[in-house]
Amino acid sequence: MSGQSTHHGPGAAGHEAHMDPATAREAATLGIWTFLATEVLLFGGLFTSYIIYRIKYPQIFYEGHLKLDHVLGAINTVVLIGSSLTVALGIAAIRKGKVGLLRLYLFLTLLLAGTFLGIKYVEYTEKFSHGLYPDTDIFFSLYFMLTGLHGLHVLAGMVLLGGVLFLAGRGRYSESYHTPVEISGLYWHFVDLVWIYLFPLLYLLG
Amino acid sequence: MKEHDSGTRTYIVVWGALVMLTVVTVAVSYVHLGMMNVFVALLIASAKASLVALFFMHLRYENRLVWGFALAPLFFLVLIVVGTLSDTLFR
Amino acid sequence: MRETTWNGEKPQNGSASPRGYLESKGVWAWVYTLDHKRIGVMYMYTTLFFFLAGGVFALLIRIKLLFPGQHIFTNQTYNVLFTMHGALMIFLFVIPAIPSGLGNFFIPLHIGARDVAFPRINLMSYWVFVAGIVVILFSLVRPMDTGWTFYTPYSARTAADVTTLSFGIFLIGMSSILTGLNFLVTIHKLRAPGMTWHRMPLFIWSMYATSIIQVLATPVVGITFLLLAMERVLGVGFFDPAKGGDPILFQHFFWFYSHPVVYVMILPAMGIISEIVPAFSRKPIFGYKAIAYSSMAIAVFGFFVWGHHMFVTGMSGTAVILFSLLTYSVAIPTAIKVFNWIATMYRGSITFESPMLYALTFIFLFVIGGLTGMYLGALGADIHVHDTYFIVAHFHYTMVGGTVMGLLAGLHYWFPKMTGRMLSEKMGRPAWLLIFIGFNVTFFTQFILGFEGMPRRYAEYPAQYQALNILSTVGSWILATGILIMFANFVRGLFRGALAPPNPWKALSLEWETGSPPATENFEEIPTVTDWPYGYAGRQT
């Protein structure tokens, strides 16, 4: 390739400093959406199984869904939606440089997430006490696999947001730099998205 | 991230809509519509998902590339469902 | 150590140190490195190690198959041997070698960047890869005997430690996803000023297409192995007929990943060929856009055809016809590439250094592999040769004759750039010849064996097949010898190769404008690009 004009490279020193802030933000956005795409396909295998077995065994699915506590499920849905709100409000806060408010909203998010997992714990123990386990039938295999995998993602999200909360307390984020907060928020909203589909498919449809 | 950002008010309105749609979907599940129950439930879920994606996840203000990354997996999800069903449905 | 120079020019690489990115020494300079070149080198060593390990298993298989009847190993041991050969080769070598090895090293260089978009995630992907390897090694306490495809119901019931292995493969898949994610964002966001999409090297187009597949297909195999582990541990019944499950569902999920993954294996190799053929023909690549877009088409179409691995499973009539028809679509973009490479060479000024020898071998062997794939796409033909040696020969022609030849072409082409030293053509050419002859003797005989009905994965066979089996085994010894000589050439090159100039092949992509080896920051100044990298104009330049 001929004709290269001189063009100073940004920061030859370290690998961290090789993107300007705007590019770094766009790269981070693309990166997290790519990761979420992988999550769609991960859960996608389970959703595919759901569709196939539901068509094959409508009776099992009907009877199975009646044994689920759809009140608890609905509460959990509202809890998770609320946690998406608190995350969004937290990000709105840090966009204006309000670190204290960010921390408050992150704390609320973690509280709500913990509530979600707490309710799931209640649900699971209730199922077990009624002799309903992952190997009971195909419906409960799907119920435990789907909500279990989702629950693991909630837990991971709590660790992620907990880390962000901690670093926010160390003054890491500001109006001009808060990319990790945005990215963690996107992950968290995705976890909410999956539940938005799980709830009707498992609890409401018979 | 961008100049266009949803404000606090928008987020709360969206949240309100999401809660309301949750109430609706639970209510509708009590009404027996046969096969339509599935369709309605998925429709409402997709409406909720769209609200979360467009507003909470900021898609409304993102460029075409990000939209591409966000929507592409859905195509492949449909693909795996349709391909597998082409077998299991017609045996 | 010989301090020879090349045509009197002094080797230089634009940095204070002649050792470039290799300057800092010590284990921690590698363990904690954020330099994509070092990460690429670590991946390269790891994957090549498993190439050799998988090769040892192959040699053992072929020794067993010299004699029908229970000699040398038990049948159970034989089942473990072919499972280990397949699993190691596919998951720990063929899939990651070019993308995570050469891709990591050269993608930033090709696009004029200092590194990938997420260097820390890059490092993490390597250590997750190593973690996966460790977990897989743990599973060897009760080694796999299921075949590398792990079909249910056997994989759910065998005493082998499929559960541990499943987690190992999950980790390997995670590594693959992180690499693909990194490359996608890197290619979108870090191209040098002036490098439009149509000025990128074709290796980058092929790596972009590969990354799309890695990101979208790998999660499906992740959930598949997770479900298999849950079936074993929790008694979940997705694939168990006794619980209402369907063992064929496992195959749908498994092949939804494993078919596209063969394009993860071949697309990077094709990208390498697209770099080498113009350089060694001193002619611009013919049909740049055709090659670029056909790479994308292969990535997408590759997702439509997985059912062709399942023609004899009892799938519905609708599905078998659908998948057979769709399988033909993916041949078209592949053929387009072959025509373009040949057209590039036509009236070119061709020389036959090792990179070009391997590139030409790729074209020849991959065409055979690909065409036999067409026979297999035809439903009526596949029914007769499914699970015979015809299939084994087909995928070895594509994966070894294709991907491995592409990898070797790339290694020979880029060895001077990565190490700062030249390989020996005196050792390289005989090695190539033995590899070429050995490969064809080993595997062409297997087309015949399969056509005559010998099933695969069988430890014993009727006496009528013995002659060809002996021939195939002798072929494997010739192939192994060639590979050993080639590795000896690599080792010799590392310690005693002539010092390499920045651009020994006079090629035009950006990596050749850095030193051999390149400095840690790649470029002193990020270049501004004004043209595509294929402006070759004959042998005078």
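Refer to the structure printed above.
Now for a quick tour of the structure. For every chain, the first residue of the written sequence is number 1, and numbering continues from 1 onward in sequence order. For naming, the first written chain is A and the first written ligand is 1, with later ones following in the order written. Restriction of local features to residues with pLDDT of at least 70 applies here, the model being predicted, together with a cutoff of 80 or more for giving and counting side-chain atom pairs; totals for whole chains, interfaces and linings are based on all residues. Water and hydrogen atoms play no part in the side-chain values, which are based on all heavy atoms of the structure.

1. What about the overall build of chain B?
Inference 1: Runs of H or I in DSSP of at least four residues are treated as helices and runs of E of at least two as strands, each being numbered from the N terminus. Looking only at helices and strands, one finds 3 helices and 0 strands in chain B.
Inference 2: Starting at the N terminus and walking to the C terminus, you meet the elements of chain B as α-α-α.
Inference 3: Two things to know: the radius of gyration comes from C-alpha atoms, and the globule rule equals 2.2 Å times the number of residues to the power 0.38. Taking 2.2 N^0.38 as the reference for a compact globule, 91 residues should give roughly 12 Å; the C-alpha atoms of chain B span a radius of gyration of 17 Å, well beyond that estimate.
Inference 4: Summarising its shape, the C-alpha atoms of chain B cover approximately 55 × 35 × 10 Å along the three principal directions.
Inference 5: Each residue gets one of three labels from its accessible area relative to the maximum for its type: buried under 20%, exposed over 50%, partly exposed in between, using a 1.4 Å probe on protein chains only. By residue count, 43% of the 91 residues in chain B fall in the buried class.
Inference 6: Residue contacts are counted whenever heavy atoms from the two residues lie within 4.5 Å of one another. Sequence separation of at least 24 residues holds for 65% of the intrachain contacts in chain B that already meet a minimum separation of 6.
Inference 7: For chain B, the computed accessible surface area is about 4,900 Å², with 74% contributed by carbon and sulfur atoms.
Inference 8: One way to put it: in chain B the 6 positive side-chain charges average out to a point 7 Å from where the 4 negative ones average out. What sets the accessible areas is the Shrake-Rupley method with a 1.4 Å probe; for residues, cover comes only from the shown protein chains. Positive: Lys, Arg. Negative: Asp, Glu. His and the chain ends are not part of the count. A single reference atom marks each charge: NZ on Lys, CZ on Arg, CG on Asp, CD on Glu.

2. Here's the deal with the overall build of chain C
Inference 1: Across its full length, chain C holds 17 helices and 0 strands.
Inference 2: Computed over its C-alpha atoms, the radius of gyration of chain C comes to 23 Å, within 12% of the 24 Å expected for a compact globule of 541 residues.
Inference 3: When the backbone C-alpha atoms are referred to their principal axes, chain C occupies close to 70 × 45 × 45 Å.
Inference 4: Within chain C, contacts between residues separated by at least 24 positions form 83% of all contacts whose residues are at least 6 apart in sequence.
Inference 5: Of the roughly 18,400 Å² of accessible surface on chain C, a fraction of 70% belongs to carbon and sulfur atoms.
Inference 6: Separation of charge centres in chain C, based on 32 positive and 23 negative side chains, amounts to 5 Å.

3. Here we look at a nonpolar patch on the surface
Inference 1: Residues B:Y30, B:V31, B:L33, B:M36, B:F39 and B:L43 make up a contiguous nonpolar surface patch of roughly 620 Å² in combined accessible area.
Inference 2: Counting through the fold element by element, B:V31 comes out in the loop between α1 (8–29) and α2 (36–56). Like-charged residues are merged into a patch within 9 Å and nonpolar side chains (Val, Leu, Ile, Met, Phe, Trp, Tyr) within 5 Å, provided each residue has over 30% relative accessible area and no salt bridge. Throughout this description, the term salt bridge denotes a Lys or Arg side-chain nitrogen within 4 Å of a carboxyl oxygen of Asp or Glu.

4. A few points about the interface of chain A and chain C
Inference 1: Facing 43 residues of chain A, the contacting portion of chain C comprises 56 residues.
Inference 2: Counting the surface lost from both chain A and chain C, the interface buries some 3,900 Å², and carbon and sulfur atoms represent 69% of this.
Inference 3: Joining chain A to chain C, the criterion identifies 1 salt bridge.
Inference 4: Between C:K189 and A:E26 there is a salt bridge, with the nearest N and O atoms lying 2.5 Å from each other.
Inference 5: Here a polar contact means two N or O atoms within 3.5 Å. Within protein one must be a hydrogen donor candidate and the other an acceptor candidate, and residues neighboring in sequence count only if both atoms are side-chain atoms. Put simply, chain A and chain C have 5 residue pairs in polar contact (both at pLDDT 80 or more) between them.
Inference 6: Listing elements by their share of the side of chain A that touches chain C, those giving two or more residues are α1 (21–56) and α5 (138–169) of chain A. Buried area: the accessible area, evaluated with a 1.4 Å probe, that two parts lose upon being put together, summed over both parts.

5. Points about the pattern of salt bridges
All names here are of chain A.
Inference 1: According to the stated counting rule, one finds 9 salt bridges over all chains in the structure shown.
Inference 2: R95 serves as the salt-bridge partner of E182, at 3.2 Å between the closest nitrogen and oxygen. Of this pair, E182 sits in helix α6 (residues 179–204) while R95 sits in helix α3 (residues 70–95), and the two are 87 residues apart along the sequence.

6. Concerning the packing of helix α4 (residues 97–111) of chain C against helix α9 (residues 247–281) of chain C
Residues and elements named next belong to chain C.
Inference 1: Axes here mean lines fitted to C-alpha atoms, for a helix over just the part in contact, with angles spanning 0 to 180 degrees between N-to-C directions. Viewed as axis vectors pointing N to C, α4 and α9 meet at an angle of 45°, and their least axial separation amounts to 11 Å. As far as their axial angle goes, α9 and α4 are oblique. At the point where α4 passes α9, the crossing takes the left-handed sense. Of the residues in α9, those touching α4 at I98, P99, L102 and H110 are V264, P268, A269, I272 and E275. With respect to orientation, any angle under 35 degrees is reported as roughly parallel, any angle over 145 as roughly antiparallel, any angle of 65 to 115 as roughly perpendicular, and every other angle as oblique. Crossing handedness is read from the near helix: turned anticlockwise from the far helix by less than a right angle, it gives a left-handed crossing, and turned clockwise, a right-handed one.

7. Re the packing of helix α2 (residues 36–64) of chain C against helix α3 (residues 75–94) of chain C
All names here are of chain C.
Inference 1: Two numbers describe how α2 lies on α3: the axes approach to 9 Å, and their chain directions differ by 155°. When the axes of α2 and α3 are compared, the pair comes out roughly antiparallel. When the axes of α2 and α3 are compared, the crossing they make is left-handed. Only N75, Y78, L81, F82, M84, H85, L88, M89, L92 and F93 of α3 make contact with α2, whose side of the interface consists of T47, L48, F50, F51, A53, G54, G55, F57, A58, L60, I61 and K64.
Inference 2: Its residues placed into classes, the contact of α2 with α3 shows 16 nonpolar, 5 polar and 1 charged. Residues were grouped as follows: Ala, Val, Leu, Ile, Met, Phe, Trp, Tyr, Cys and Pro as nonpolar; Asp, Glu, Lys and Arg as charged; and all remaining residues, including Gly, as polar.

8. Focus on α5(A)
All names here are of chain A.
Inference 1: With 32 residues, α5 ought to run about 46 Å at 1.5 Å a step, and its terminal C-alpha atoms sit 46 Å apart, in line with that.
Inference 2: Structurally, the start of α5 carries an N-cap: the backbone nitrogen of F139 is 3.0 Å from a side-chain oxygen of D137.
Inference 3: Backbone geometry just after α5 places G171 at a positive phi near 80°. Working rule for helices: expected span equals 1.5 Å times residues minus one.

9. Overview of the interface of chain C and chain B
Inference 1: Listed by partner, the interface residues are 19 residues for chain C and 14 residues for chain B.
Inference 2: Carbon and sulfur atoms make up 77% of the area that chain C and chain B hide from each other, which totals about 1,400 Å².
Inference 3: For the interface between chain C and chain B, the tally reads 1 salt bridge.
Inference 4: Between C:D246 and B:R91 there is a salt bridge, and its shortest N-O distance comes to 3.0 Å.
Inference 5: Summed over the shared surface of chain C and chain B, the number is 4 residue pairs in polar contact (both at pLDDT 80 or more).
Inference 6: Among the secondary structure elements, those contributing two or more residues to the side of chain C that touches chain B are α8 (202–234), α9 and α11 (317–329) of chain C.
Inference 7: Looking at the side of chain C that touches chain B element by element, the count peaks at 5 residues for α9(C).

10. Re the nonpolar core
Across soluble globular proteins, nonpolar side chains show a tendency to be buried alongside one another.
Inference 1: Note on terminology: a nonpolar core comprises buried Ala, Val, Leu, Ile, Met, Phe, Trp, Tyr and Cys residues joined through side-chain atoms within 4.5 Å. Ranked by internal contacts, the top residues of the largest apolar core, which has 263 residues, are A:W33, C:L102 and C:F362.
Inference 2: Examining the composition of this core, we find that 22 residues originate from one element, α9(C), more than from any other.
Inference 3: Among all residues touching C:F362, those that are not within four sequence positions of it are C:I266, C:A269, C:M270, C:I273, C:W341, C:V367, C:G401, C:G402, C:T403, C:M405 and C:G406.
Inference 4: Judged by nonpolar contacts, the second largest core, of 13 residues, contains C:I61, C:F82, C:V392 and C:Y461.

11. With respect to the side chain of C:Q251
Inference 1: Topologically, C:Q251 is positioned in helix α9.
Inference 2: With residues up to four places along the chain from it excluded, the contact list for C:Q251 reads C:Y151, C:M310 and C:T313.

12. A look at the packing of aromatic side chains
Residues and elements named next belong to chain C.
Inference 1: Pairing of aromatic rings covers Phe, Tyr and the six-membered ring of Trp, with a centre-to-centre limit of 6.5 Å; geometry is then stacked below 30 degrees between planes, edge-to-face above 60, and tilted otherwise. Within this structure, the stated rule accounts for 69 aromatic pairs over all chains.
Inference 2: Summarising the aromatic geometry, the rings of F150 and F225 are spaced 5.4 Å apart at their centres and angled 75° between planes, so their arrangement reads as edge-to-face. Of this pair, F150 sits in the loop between α5 (119–139) and α6 (154–157) while F225 sits in helix α8, and the two are 75 residues apart along the sequence. The burial state of F150 is the same as that of F225; both residues are buried.
Inference 3: Their ring planes at 80° and their centres at 5.3 Å tell us that W197 and Y208 sit as a pair that is edge-to-face. With W197 in the loop between α7 (162–189) and α8 and Y208 in helix α8, this residue pair connects regions lying 11 residues apart in the sequence.
Inference 4: Exposure remark for W197: the relative accessible area of 25% places this residue in the partly exposed category.
Inference 5: If you follow R38 out to its NZ or CZ, it ends over the ring of W30, 4.4 Å from the centre. Geometrically, a charge over a ring is one whose NZ (Lys) or CZ (Arg) sits within 6 Å of the ring centre while staying within 35 degrees of the ring normal.

13. Topic: the side chain of C:N182
Residue and element names in this part refer to chain C.
Inference 1: For N182, the location among the structural elements is in helix α7.
Inference 2: A relative accessible area of 1% means that N182 is categorised as buried.
Inference 3: The contact partners of N182, leaving out residues within four places of it in the chain, are V116, A117, F118, I121 and N122.

14. Thoughts on the environment of C:A131
All names here are of chain C.
Inference 1: Among the structural elements, A131 can be located in helix α5.
Inference 2: The exposure class assigned to A131 is partly exposed, which follows from its relative accessible area of 31%.
Inference 3: A sequence separation of 74 residues divides A131 from W205, and the C-alpha atoms of the two residues are 30 Å apart.

15. Points about the environment of C:G222
Inference 1: Within the secondary structure layout, C:G222 lies in helix α8.
Inference 2: Not counting chain neighbours up to four residues away, the residues in contact with C:G222 comprise A:L42 and C:F170.

16. With respect to unusual backbone geometry
All names here are of chain C.
Inference 1: Each neighbour pair has its own omega, and for T152 with P153 the value is -5°, a cis peptide bond.
Inference 2: Relative to the elements of secondary structure, P153 occurs in the loop between α5 and α6.
Inference 3: At the junction of S516 and P517, the peptide bond is cis and its omega measures out at 0° in the coordinates.
Inference 4: If you trace the backbone, P517 turns up in the segment after α17 (466–496).
Inference 5: Unusually for a residue other than glycine, R347 sits at a positive phi of about 65°.
Inference 6: Within the fold, R347 resides in the loop between α12 (331–345) and α13 (354–377).
Inference 7: Of note in the backbone geometry, N522 takes a positive phi value of approximately 70° without being a glycine.
Inference 8: Judged by its relative accessible area of 3%, N522 falls in the buried class.

What is shown is where atoms sit, not what they do.
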